[in-house]
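Fold and contact review
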Amino acid sequence: MTRDDFPEQQALLQAVLGAGDASALLQWLPQGRAAQRLNERGLLVYRANGHALAERALAAAYPVLFQFMGEENFAMLARHFWSAHPPSRGDMACWGEDLAGFVDAAPQLADEPCLGDVARLEWLMHATATAADVEADFPSFALLASEDAAPLSLALGAGVALLASASPVVSIVNAHLLGQPSLQEAGQRLAAGCAEHALVWRQGFKPCVRPSSAAEHKLIETLLAGRALAEALDGVDRLGEEAAAFDFNIWLAAAVQTGLVCGACPCQ
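It should be emphasised that the depicted structure is a prediction, and the values quoted were computed from it without experimental measurement.

Per the counting criterion, the structure on display carries 7 aromatic pairs. Aromatic pair phenylalanine 81 and phenylalanine 102: ring centres 5.4 Å apart, planes at 70 degrees, arrangement edge-to-face. With phenylalanine 81 in helix α5 (residues 71-84) and phenylalanine 102 in helix α6 (residues 99-105), the pair connects residues that are 21 residues apart, well separated along the chain. Here the aromatic residues Phe81, Trp82, Trp95 and Phe102 are joined through ring pairs into a cluster of three or more.

Encoded structure:
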């Protein structure tokens, strides 16, 4: 059984989302009830409630995009996104992942090419907040000093994710959420065309994001793929000058302290 087996529900859904109108529903309902239950005013109420729900859900997942665009423009974006990408699950906290691509494709936002990556970074942070916990296993680090350390990797913390952007997305997000850097500094980096690698993870219950070097980005990218630590370090070494400023031992100590790395483990 598929949703096509319920054409009357589909007609109602399309009308509520703004892709249809009440006349499309009349064939599915008795004539007497249609005049009472599916008049134009009732349909507008349904649509208004859906738009309000879309705005609240997206504003919760994308607070920086909301601030960046302003309430009126963000509300318009939410309404159009609701129609183009309606929720497929009952949990609205899971809705909105496709917003970045929708923003990229919107001709009205072509003058702000950073917005798509801002949305991508905010969704990574949103998803990290509910990522499965990873239990720390500090004794396992002793395996890295063993003779058979070649097949070992590092166990990363909850919700670790990466984003390589041509825009200073970390600066923009942290300027709005934390005030560091300042909005002026973030604006200067944006005007200068600065690119940033973003690293997302969860420290305790708090999603965190910070800039990442090309060397760290390469290292974590390889580890996320389930490859061995030795292979990840070889990839860093091939970066040349970028690798020269990267000290793995210093990085590992800080990564363990902040919950970015939770232990050593076999390769996947």
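Once the structure has been displayed, the description carries forward.
Here we come to the pairing of strand β1 (residues 152-156). Side-chain positions along a regular strand alternate between the two faces of the sheet. By the criterion of burial, β1 is predominantly enclosed, with 4 of the 5 residues buried. For β1 and strand β5 (residues 261-266), the ladder comprises 5 bridges, and the chain directions are antiparallel. Residue pairing for β5: serine 153 is matched across the bridge by cysteine 265.

A separate point is the pairing of strand β4 (residues 206-212). Taken together, the 7 bridges between strand β3 (residues 196-203) and β4 define a ladder with antiparallel strand orientation. If you follow valine 200 over to β4, its bridge partner there is valine 209. Between β3 and β4, which pair antiparallel in sequence order, lie 2 residues; one of them, glycine 204, sits at a positive phi of approximately 70 degrees.

This brings us to the nonpolar core. Counting residues in each nonpolar core, the largest one holds 36 residues, and the members touching the most others are Leu58, Tyr62, Leu65, Trp95, Leu99, Leu121 and Val209. Elements with a contribution of two residues or more to this core: α3 (40-61), α4 (63-69), α5, α6, α7 (115-128), β2 (161-165), α8 (169-177) and β3. Filtering out sequence-adjacent residues up to four positions away, leucine 65 remains in contact with Phe74, Leu77, Leu99, Leu115, Ala119 and Glu122. Listed in part, the 23 residues of the second largest apolar core include Leu154, Val160, Cys208 and Phe246.

Enumeration over the complete set of coordinates arrives at 6 salt bridges. Close ionic contact of arginine 202 with aspartate 133 constitutes a salt bridge, the shortest N to O distance being 2.3 Å. Here arginine 202 is found in strand β3, whereas its partner aspartate 133 is found in the loop between α7 and β1, with 69 residues between them in sequence. The partner of glutamate 231 in a salt bridge is arginine 227, and the shortest N-O contact between them spans 3.3 Å. Residue classification places glutamate 231 among the partly exposed positions, given a relative accessible area of 34%. Where salt bridges share partners, they join Asp104, Asp117 and Arg120 into one cluster.

Reading the values: rules and limits
Residues numbered from 1 in each chain as written. Predicted model: local features only at pLDDT ≥ 70, side-chain atom pairs only at ≥ 80, totals over all residues. Heavy atoms only, no water. Phe/Tyr/Trp six-rings, centres within 6.5 Å; stacked < 30°, edge-to-face > 60°. Helix = DSSP H or I, 4+ residues; strand = E, 2+ residues; numbered from the N terminus. Buried < 20%, exposed > 50% of the residue type's maximum accessible area, 1.4 Å probe, protein only. Pairing = 2+ DSSP bridges. Core = buried A, V, L, I, M, F, W, Y, C linked by side-chain atoms within 4.5 Å. Contact = heavy atoms within 4.5 Å. Salt bridge = Lys/Arg side-chain N within 4 Å of Asp/Glu carboxyl O.

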